[in-house]
Amino acid sequence: MPAESPGAHGLPALEDLDLKKLPREDALMALSALRFIEGELGRSLRGQKLLVAFSGGADSTALLILFRALAPHFGLGLSAAHLDHGLRPESAADAESASALCARLGVPLAVRRADVAGLARERRCGLEEAGRTVRKAWLEECRAACGASWVLEAHHSGDLAEDVLMRLVRGAGWPALGGMKAVADMPGMHVLRPLLMLEKDRLTAMLRRLGVPWREDATNAGLDHRRNRMRNAVLPLLLAENPRFYGSVRALWRMARDSERAAAGLGSSLIEENGTVLLPAEVLAGAGAEKRSLLYLAAVRRMARGQARASSLAALDRAWLARRFPRVFQFGGGLRALVSAEGVRFYEETGCESRSGTPARD
């Protein structure tokens, strides 16, 4: 059963909360989240409207408190959105708790109850996938309705570490192995993750100091899902081996972002033709292994695909080096790559087979 935090009673007056009313360590944490977005990610938030994705859990509650404190000083217009997935008996109480806290903070809140289980049955997919689909669409709808520039999500360093482990288990390639992005800016998705460099313990410590309530989802403590096993079984072992493991994950994340920027700088080497992206043979011939990897990454990103397995990219590169023509490699989401004498052409599933006869598949 979800339960309120130990600080659920004796809630202080939060209606006029700002940085001056936060303990020094919490005010500095709020400023560090803002600096991460504006300095490291290069996205200015000052004077903008923002929508907080607010589940009512500790993470999103801390996010809401931090940006409510920042709002008066940086001209932020703050709103929140809560989606009731309708999967647990106590979800309605979670929505009521979210509404009560937003009322105390003076933050407008939009609430919707969704039939996630019904959508999962209709689409024949898992509950997690259905929930993500509904949540993404709902947040984007709310963002557009309130005129916000960004949706703020509460992922922190622990979530980043889980994501890195999940990607490692799936065999993700570099730099996708570095974990989730802190900014996603594309049609239908305008998301910032200001807490990605912060650890959960600091967030919950702030809530306890302020006596701010939150709700706990008991299903998060189970081991039924892979992500829960990473969080509750694998991560504690890694932290026992290296108490600074989260710092190592953050360093990995930053190295991955450097690689992404390097790949973006190679975009001029790509040729776009009829919805396909070609890496010309002459470009690949003059590139070393590291540059070829970045070129493949640039092409995948140009095709609006986020990740590719390391094993698939390695096999593709081996085929190119061995001049095994023609050969087709399949990636997720219907993306394919045709290796031929002209180079490597990335295309959608229905795009290029007719040009190459019946090429082999990997």
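To be clear, the structure that these remarks concern was listed above.
K.L.:
Quick one: what's the story with the overall build of the chain, residue by residue and with numbers?
P.N.:
Secondary structure summary: the chain contains twelve helices and twelve strands in total. For the chain, the C-alpha radius of gyration of 23 Å lies close to 21 Å, the compact-globule estimate for 362 residues. Reported as C-alpha extents along the three principal axes, the dimensions of the chain are approximately 70 × 45 × 45 Å. Of all 362 residues assigned to the chain, the portion counted as buried reaches 50%. If you take every contact in the chain between residues at least 6 apart in sequence, the share linking residues at least 24 apart comes to 70%.

K.L.:
Would you mind going over helix α2 (residues 58-74) in detail, with residue names and values included?
P.N.:
For α2, built from 17 residues, the straight-helix expectation of 24 Å at 1.5 Å per residue is met to within 8% by its first-to-last C-alpha distance of 24 Å. Counting buried positions along α2 gives 15 out of 17 residues, so the element sits mostly inside the fold. One or two steps after α2, the chain reaches Gly 75, where phi turns positive at roughly 65°.

K.L.:
Now, about the nonpolar core: what can you tell me, with residues and values included?
P.N.:
Counting residues in hydrophobic clusters, the biggest one holds 63 residues, and the most contacted among them are Leu 45, Ile 65 and Phe 67. Examining the composition of this core, we find that eleven residues originate from one element, α2, more than from any other. The residues touching Leu 45, leaving out its near neighbours within four places in the chain, are Leu 34, Ile 37, Glu 38, Leu 50, Phe 67, Leu 76, Trp 150 and Leu 192. Membership of the second largest hydrophobic core comes to 29 residues, among which are Met 303, Leu 316, Trp 320 and Phe 329.

K.L.:
Can you tell me about the packing of helix α6 (residues 157-170) against helix α8 (residues 226-241), naming the residues and giving the values?
P.N.:
Between two packed helices, what matters for the description is the angle formed by their axes and the separation of those axes. In contact at an axis separation of 10 Å, α6 and α8 are set at 105° when each is read in the N-to-C sense. The angle between α6 and α8 places the two elements in the roughly perpendicular class. Between α6 and α8, the contacting residues are Gly 158, Ala 161, Glu 162, Asp 163, Leu 165, Met 166, Val 169 and Arg 170 on the first element and Arg 226, Arg 227, Met 230, Arg 231, Val 234, Leu 235 and Leu 238 on the second. The residue makeup of the contact of α6 with α8, split by class, is eight nonpolar, one polar and six charged.

K.L.:
Can you explain the sheet that holds strand β2 (residues 77-84)? Please cite residues and give values.
P.N.:
To summarise the sheet geometry, strands pair through backbone hydrogen bonds and adopt either a parallel or an antiparallel arrangement. Strands sit in the order β3-β2-β1-β4-β6-β5 across an open sheet of six strands; the sheet is mixed. Every interior strand has two partners, whereas the edge strands, β3 (109-113) and β5 (183-186), have only one. For this sheet, the mean angle separating the axes of adjacent strands, direction not counted, is 30°. Looking at chain direction, strand β1 (residues 49-53) and β2 are connected through five bridges and run parallel. Paired with Leu 51 across the two strands is Ser 79, which belongs to β2. Helix α5 (residues 127-146) contacts β1, β2, β3, β4 (150-152) and β6 (189-192) of the sheet and is inclined by roughly 150° relative to β2.

K.L.:
Report on the side chain of Asn 228, specifying residues and quantitative values.
P.N.:
Assignment of secondary structure puts Asn 228 in helix α8. At a separation of 2.9 Å, a polar atom in the side chain of Asn 228 contacts the side chain of Arg 231. Once you skip the residues sitting within four places of it in the chain, Asn 228 turns out to touch Thr 219, Asn 220, Gly 222, Leu 223 and Ala 233.

K.L.:
I'd like a rundown of the environment of Ile 271, residues and numbers included.
P.N.:
Note that Ile 271 resides in strand β7 (residues 271-273). Expressed as a C-alpha distance, the spacing of Ile 271 and Ala 299, which sit 28 residues apart in the sequence, is 9.3 Å. Apart from the residues lying within four places of it in its own chain, the contact partners of Ile 271 are Thr 276, Val 277, Leu 278 and Pro 280.

Rules used in this analysis
Residues numbered from 1 in each chain as written. Predicted model: local features only at pLDDT ≥ 70, side-chain atom pairs only at ≥ 80, totals over all residues. Heavy atoms only, no water. Helix = DSSP H or I, 4+ residues; strand = E, 2+ residues; numbered from the N terminus. Rg over C-alpha atoms; globule rule 2.2 N^0.38 Å. Buried < 20%, exposed > 50% of the residue type's maximum accessible area, 1.4 Å probe, protein only. Contact = heavy atoms within 4.5 Å. Expected span 1.5 Å × (residues − 1). Core = buried A, V, L, I, M, F, W, Y, C linked by side-chain atoms within 4.5 Å. Axes fitted to C-alpha atoms, helices over the stretch in contact; angles between N-to-C directions. Parallel < 35°, antiparallel > 145°, perpendicular 65-115°, else oblique. Nonpolar A, V, L, I, M, F, W, Y, C, P; charged D, E, K, R; others polar. Pairing = 2+ DSSP bridges. Polar contact = N/O pair within 3.5 Å; in protein donor to acceptor, adjacent residues only side chain to side chain.

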